[in-house]
Amino acid sequence: STVIERIPMIWNHLSFTWKVTIRNLLRYKKRFVMTVIGVAGCTALLITGFGVRDSITTIVDKQFTQIYSYDGIVKLDSDLSVSETESIAEKASEIENVSEVTLLSYYSGKAYDAKDNESTVRTEVYTNASDSAKVYQLRSMSTGKTIALDDSGIIISEKLSNKLNVSVGDTITMESKNGVRAEAKVTGICEMYLYHYVMMTETYYEELFKTSLQPNSIYITAADSSSSQQVQNDLIALDGVSGIEFYDVVLENFQTMVKSLNIIIRVLIISSLSLACVVLGNLTNVNISERQREIATLKVLGFRKKEVESYIYKENNVLTFIGSLVGIPMGTALHHYIMGQIEMDYVMFGRQVYPSSILICIVLTLVFGMAVNVFMKKKLHRIAMVESLKSVE
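Residues numbered from 1 in each chain as written. Predicted model: local features only at pLDDT ≥ 70, side-chain atom pairs only at ≥ 80, totals over all residues. Heavy atoms only, no water.

## Considering the overall build of the chain
Formally: Going along the chain from the N terminus, every DSSP run of H or I of four or more residues is numbered as a helix, and every run of E of two or more is numbered as a strand. Restricting the calculation to C-alpha atoms gives the radius of gyration, and the globule rule supplies 2.2 Å times the number of residues raised to the power 0.38. The contact criterion used is simple: two residues touch if any of their non-hydrogen atoms lie within 4.5 Å. Methods summary: accessible areas were calculated by the Shrake-Rupley approach with a probe of 1.4 Å, and residue burial reflects only the protein chains presented. Charged residues are defined here as Lys and Arg on the positive side and Asp and Glu on the negative side; His and the ends of the chain fall outside this count. Charge positions are represented by NZ for Lys, CZ for Arg, CG for Asp and CD for Glu.
A tally of helices and strands in the chain yields 14 helices and nine strands. Scaling as 2.2 N^0.38, a compact globule of 393 residues should have a C-alpha radius of gyration of about 21 Å, whereas the chain reaches 31 Å, well beyond that. For the chain, the C-alpha atoms occupy an extent of roughly 100 × 45 × 40 Å along the three principal directions. Long-range contacts, defined here as pairs at least 24 residues apart, represent 78% of the contacts in the chain between residues at least 6 apart. Working note: accessible area of the chain is about 19,900 Å², and carbon and sulfur atoms make up 57% of it. Across the chain, the centroid of the 38 positively charged side chains sits 25 Å from that of the 42 negatively charged ones.

## A closer look at a nonpolar patch on the surface
For clarity, the threshold we go by: Nonpolar side chains (Val, Leu, Ile, Met, Phe, Trp, Tyr) within 5 Å and like charges within 9 Å form the patches, drawn only from residues with over 30% relative accessible area and no salt bridge. Here, a salt bridge means any side-chain nitrogen of Lys or Arg that lies within 4 Å of a carboxyl oxygen of Asp or Glu.
A surface patch of nonpolar side chains, about 270 Å² in accessible area, is lined by Y195, M344 and Y346. Relative to the helices and strands, Y346 resides in the loop between helix 11 (305-342) and helix 12 (355-375).

## Here we look at unusual backbone geometry
As a reminder, the rule being used: Burial classification: accessible surface area is computed with a 1.4 Å probe over protein chains only, and a residue below 20% of its type maximum counts as buried, one above 50% as exposed, and the rest as partly exposed.
Of note in this structure, N97 is not a glycine but carries a positive phi near 75 degrees. Position of N97 among the secondary structure elements: in the loop between helix 4 (82-93) and strand 2 (98-112). N97 sits in the partly exposed class, given a relative accessible area of 31%. Backbone geometry at Y195 places phi at a positive 70 degrees, although glycine is not the residue there.

## A short note on the pattern of salt bridges
Scanning all chains against the criterion turns up seven salt bridges. Two residues, K134 and D131, come together in a salt bridge whose shortest N-O distance is 3.5 Å. We classify K134 as partly exposed; its relative accessible area is 36%. In this structure, a network of salt bridges that share partners links the residues K62, R139 and E191.

## Considerations on the nonpolar core
Here is the rule we go by: Joining through side-chain atoms within 4.5 Å is the link that ties buried Ala, Val, Leu, Ile, Met, Phe, Trp, Tyr and Cys residues into a set, and such a set is a nonpolar core.
Y68, Y70, Y136, L138, M192, M199 and Y219 are the most contacted members of the largest nonpolar core, which has 33 residues in total. Not counting residues within four places of it along the chain, the set of residues in contact with Y70 comprises R122, V135, Y136, Y197, Y219, I220, T221 and Y247. Grouped together as the second largest cluster of nonpolar side chains are 22 residues, V166, I172, V198 and L208 included.

## What about the packing of aromatic side chains?
Defined as follows: A pair of Phe, Tyr and Trp rings is counted when the ring centres sit within 6.5 Å of each other, with Trp represented by its six-membered ring. The angle between the planes then sorts it: under 30 degrees is stacked, over 60 is edge-to-face, the rest tilted. Two limits define a charge over a ring: the Lys NZ or Arg CZ must be within 6 Å of the ring centre, and within 35 degrees of the ring normal.
Evaluation of the coordinates by the stated rule reveals twelve aromatic pairs. Both rings, one in Y107 and one in Y205, keep their centres 6.4 Å apart while their planes meet at 75 degrees; by these two values the pair is edge-to-face. Of the two residues, Y107 is situated in strand 2 and Y205 in helix 7 (residues 202-209); the sequence distance between them amounts to 98 residues. Grouping residues by exposure puts Y107 and Y205 together as buried. Three or more aromatic residues link up through ring pairs in this structure, and these residues are F64, Y68, Y70, Y136, Y197, Y219 and Y247. Lying over the aromatic face of Y195, R122 brings its terminal NZ or CZ to 4.9 Å of the ring centre. The ring of Y112 has R181 lying over it, and the distance from NZ or CZ to the ring centre is 3.8 Å.

## Re the environment of V20
Tracing the backbone shows V20 in helix 2 (residues 16-27). In this structure V20 comes out as buried when scored by relative accessible area, which is 12%.

## Points about the packing of helix 11 against helix 12
Helix-helix packing: each pair is described by the crossing angle between the helix axes and the interaxial distance. The cut-off we apply is this: Note on definitions: angles span 0 to 180 degrees between N-to-C directions of axes, and those axes are lines fitted to C-alpha atoms, for helices only across the stretch in contact. Reported orientations rely on four angle classes, namely roughly parallel under 35 degrees, roughly antiparallel over 145, roughly perpendicular from 65 to 115, and oblique for the rest. Two helices cross in a left-handed way if the nearer one is turned anticlockwise from the farther one by less than a right angle. They cross in a right-handed way if the turn is clockwise. Each residue gets one label: Ala, Val, Leu, Ile, Met, Phe, Trp, Tyr, Cys and Pro are nonpolar, Asp, Glu, Lys and Arg are charged, and the others, such as Gly, are polar.
Their axes nearest at 9 Å, the elements helix 11 and helix 12 cross at an angle of 150 degrees. Between helix 11 and helix 12, the interaxial angle falls into the category roughly antiparallel. For the pair helix 11 and helix 12, the sense of crossing is right-handed. Counting all contacts with helix 11, which are made through Y313, N316, N317, T320, F321, S324, L325 and I328, the residues of helix 12 involved are I358, I362, T365, L366, G369, M370 and N373. Partitioned by chemical class, the residues of the contact of helix 11 with helix 12 number eight nonpolar, seven polar and no charged.

## Re the layout of surface pockets
To locate leftover empty space, one rolls a probe as large as a water molecule over the atoms. Note the following rule: Residues are called lining when one of their atoms sits within 4 Å of a cavity or pocket point, these points coming from a 1 Å grid over the protein atoms alone, where a cavity is a set in which a 1.4 Å probe fits but cannot get out and a pocket is an open set with protein on both sides within 12 Å along at least five of seven lines. Grid points are joined across faces, edges and corners, and a volume is the space filled by probe spheres set on the points.
For the largest pocket, the calculated volume is near 180 Å³. T58, K62, M141, E191, Y193, G350, R351, Q352, V353, Y354 and P355 are the residues that line the largest pocket. Along the lines of polarity and charge, the residues of the lining of the largest pocket split into five nonpolar, three polar and three charged.

## Topic: the state of the cysteines
Which entries qualify depends on this criterion: Pairs of cysteine sulfur atoms within 2.5 Å are identified as disulfides in what follows.
Applying the stated rule across the entire model yields zero disulfides. Unpaired in this structure, C42 has its nearest cysteine sulfur neighbour in C277, at a distance of 8.8 Å. In this structure C277 comes out as partly exposed when scored by relative accessible area, which is 36%.

## Here's the deal with the environment of L319
With respect to the secondary-structure elements, L319 resides in helix 11. According to the relative accessible area criterion, L319 is buried, its value standing at 1%. Each residue touching L319, except ones within four places of it in the same chain, is listed here: L25, R31, F32, T35 and V36.

As structure tokens, then:
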């Protein structure tokens, strides 16, 4: 007897078919294991496909909607004086549909790990610590808590911290704009999915490298995204502007990438459907063939077609559901591994699969199982009562 049979409160309230289903599931252990593994593989494939799409969508949503507070960068000529850069920033703020301007110094530098392996980083130096909040929503990736820039150290991006193998309180070797190296203290690690970032104040920069740095960039926030192109045209027309870099083109490329991923999702759905059909189809076929006398007996006893189907297919449905649950950790682990393998140096993909995607994968797996049940109905109903009962097992 099973454990459930020893619990009268549960067992006595189960229908006859459910009692038989539970007993058969525990009786045919080999079929139980084979079905669960096969279905789990099907669900794992689905979760991997949907997870890849979720990971790319994470970049688009979080990076460009939640983390970035600006729309583009205006690069200034290198020979401008401080007063001239401030004058250009003032003119930029007066342009229609420009809601915020932040003047800072930006340069592409190097950071080094303990083994002196270098990484190219986007180094941003702010006149005031509070200016960083105008440009980014800095927060911890693990806790979601807001991170504030101050004069005591630098804030680096999550991907860079992983690459350099450092945490808050550690120091990293980094370069000034002129290539001078210094040891900088990490006071914060922020969530960032594109590029390696190092952020600091002018005060800390001067403390590190014993020299000042003149602002050379203006970060622009547009009041209306639909007017972005006009704002760009007005900005490039200003004297002293050497170039502009708005991320609307980058965002469009990512959105195109997400759309193209739908093709991969369809391929994985078809592959999963094929796997489910092969596994469930073969095991159901074997199950029916091995139990012909049992099924014929049920027909002789007056079981209707629907009752005979329920007698057999309840087992399949339960196994399919169990297999889909087992496939969740398999799929998430496979997704995590794949994203780690395809990740580029300056891009960090999301690692989580949305709960809605997991739910869709479970539902699709169950639908595949039901489709196989429908397909196998003919074989079930073709079993002849007299011939099957005469046959020798």
